[in-house]
Amino acid sequence: MLTKRLIACFDIINGMVTKAVRFQDNINIAPAEELAGTMYDVQIDELIFYDITASAEKRRIDIETVKKVARRVFIPFTVGGGIKNLEDMYEALKAGAEKISIDSMAVRNPKIISDGARAFGSQCIVLSTQVKMSKQMPSGYEVYIDGARVATGMDAIEWIKRAQELGAGEICLNSIDNDGTLSGYDLELMKLAEAAVSVPLIASGGAGTPEHLKELFTDTDAQAAIISSMLYSPRMAKNYTVNELKKYMMQNGINARPLK
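Reading guide: rules and limits
Residues numbered from 1 in each chain as written. Predicted model: local features only at pLDDT ≥ 70, side-chain atom pairs only at ≥ 80, totals over all residues. Heavy atoms only, no water. Axes fitted to C-alpha atoms, helices over the stretch in contact; angles between N-to-C directions. Helix = DSSP H or I, 4+ residues; strand = E, 2+ residues; numbered from the N terminus. Left-handed = near helix turned anticlockwise from the far one by under 90°. Contact = heavy atoms within 4.5 Å. Nonpolar A, V, L, I, M, F, W, Y, C, P; charged D, E, K, R; others polar. Buried < 20%, exposed > 50% of the residue type's maximum accessible area, 1.4 Å probe, protein only. Salt bridge = Lys/Arg side-chain N within 4 Å of Asp/Glu carboxyl O. Arc of directions from axis to C-beta. Disulfide = S-S within 2.5 Å. Phe/Tyr/Trp six-rings, centres within 6.5 Å; stacked < 30°, edge-to-face > 60°.

### Re the packing of helix 5 (residues 111-120) against helix 6 (residues 156-166)
- Between helix 5 and helix 6, the least distance of the axes is 8 Å, while the angle of their chain directions is 35°. Here the hand of the crossing between helix 5 and helix 6 comes out right-handed. Contacts from Ile113, Ser114 and Ala117 in helix 5 reach Trp159, Ala163 and Leu166 in helix 6.
- Taken together, the residues that form the contact of helix 5 with helix 6 break down as five nonpolar, one polar and no charged.

Pasting the structure below:
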């Protein structure tokens, strides 16, 4: 049985981790390196870091914050935001990242996926895509870019199929409709995705209770779940520890990575 992963996702603005609801009304949580150290100490499985304003501001990823975070964690660490070419990927990897997440730039220039896969290996390239329900799309979901601000007119499921063909080794699907709502993951989205691609899938957007993890890992083939709000959002009535979540998973027959 494959081990299911729990991932903390940092939305970064000016070196600070922020939290939002449906990509709006961000509030600051903590400096990225401090929260990264805390997440490492409590044995989160992985960390994803998004410089969420880099693409909209047309600048490179905040490399200095990447370096600060990398010095505090020794677990798989993915970074994204403002990655425009192989040089940007190389700089992020040199700064301490293990994997590169591409989102808006992949839509604008899909060749960056295949270029990155050839240069660094498919296992290094994660397609992150922000999707929203749309009756206009064949699958019922549309791709958005630039921090979920801009609709693309692209069908989400067709896009992830193409990304896999181009060499993406993992896909993170973030539901804009569910993001920050604490109402649970979009299970229908994940089921459509798993029927379309064979690479590992990360579910993002909506986690609010341990039961949401049970639903995700029982009803879909998702390999990993982003659980940021559950861990440290001030909007939560109760924050959970990684230990609590992993114990709950194992009690419900879900294979979680054991705590050391």
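There is more to say after this.
### Observations concerning unusual backbone geometry
- Look at Gln43: it is not a glycine, yet its phi comes out positive at around 70°.
- You can see Gln43 is positioned in the loop between helix 1 (32-41) and strand 4 (46-51).
- Its relative accessible area of 25% is what places Gln43 among the partly exposed residues.
- The residue Leu182 is not glycine, and still its phi comes out positive at about 65°.
- Its place among the elements puts Leu182 in the loop between strand 10 (170-175) and helix 7 (187-196).
- Given a relative accessible area of 25%, Leu182 falls into the partly exposed group.

### Brief notes about the pattern of salt bridges
- Applying the stated rule across the entire model yields 16 salt bridges.
- Glu158 is the partner of Lys161 in a salt bridge, and the nearest nitrogen-oxygen pair spans 3.5 Å. Taken together, the residues span about one helical turn, with Lys161 and Glu158 both in helix 6 at a distance of three residues.
- A relative accessible area of 46% means that Glu158 is categorised as partly exposed.
- Residues joined by salt bridges that share partners form a network here, namely Arg5, Glu46, Lys99 and Glu170.

### Points about helix 8 (residues 210-219)
- Buried residues of helix 8: Pro210, His212, Leu213, Leu216 and Phe217, and no others. For helix 8, the angular spread of the buried residues around the axis is 155°, confining them to a single face.
- On the buried face of helix 8, the contacting elements are strand 1 (5-13), helix 7, strand 11 (201-204), strand 12 (224-226), helix 9 (228-232) and helix 10 (242-251).

### Description of the state of the cysteines
- Tallying each qualifying case throughout the model produces zero disulfides.
- The thiol of Cys124 is unpaired, and the distance to the nearest cysteine sulfur, on Cys172, comes to 15 Å.
- Accessibility expressed as a relative area gives 5% for Cys124, which makes it buried.

### Structural notes on the packing of aromatic side chains
- This model, assessed by the stated rule, comprises three aromatic pairs.
- Look at Tyr40 and Phe74: their rings are 5.7 Å apart centre to centre, the planes differ by 70°, and that puts the pair in the edge-to-face class. Of this pair, Tyr40 sits in helix 1 while Phe74 sits in the loop between helix 2 (63-70) and strand 5 (77-80), placing them 34 residues apart in sequence.
- Tyr40 sits in the partly exposed class, given a relative accessible area of 28%.

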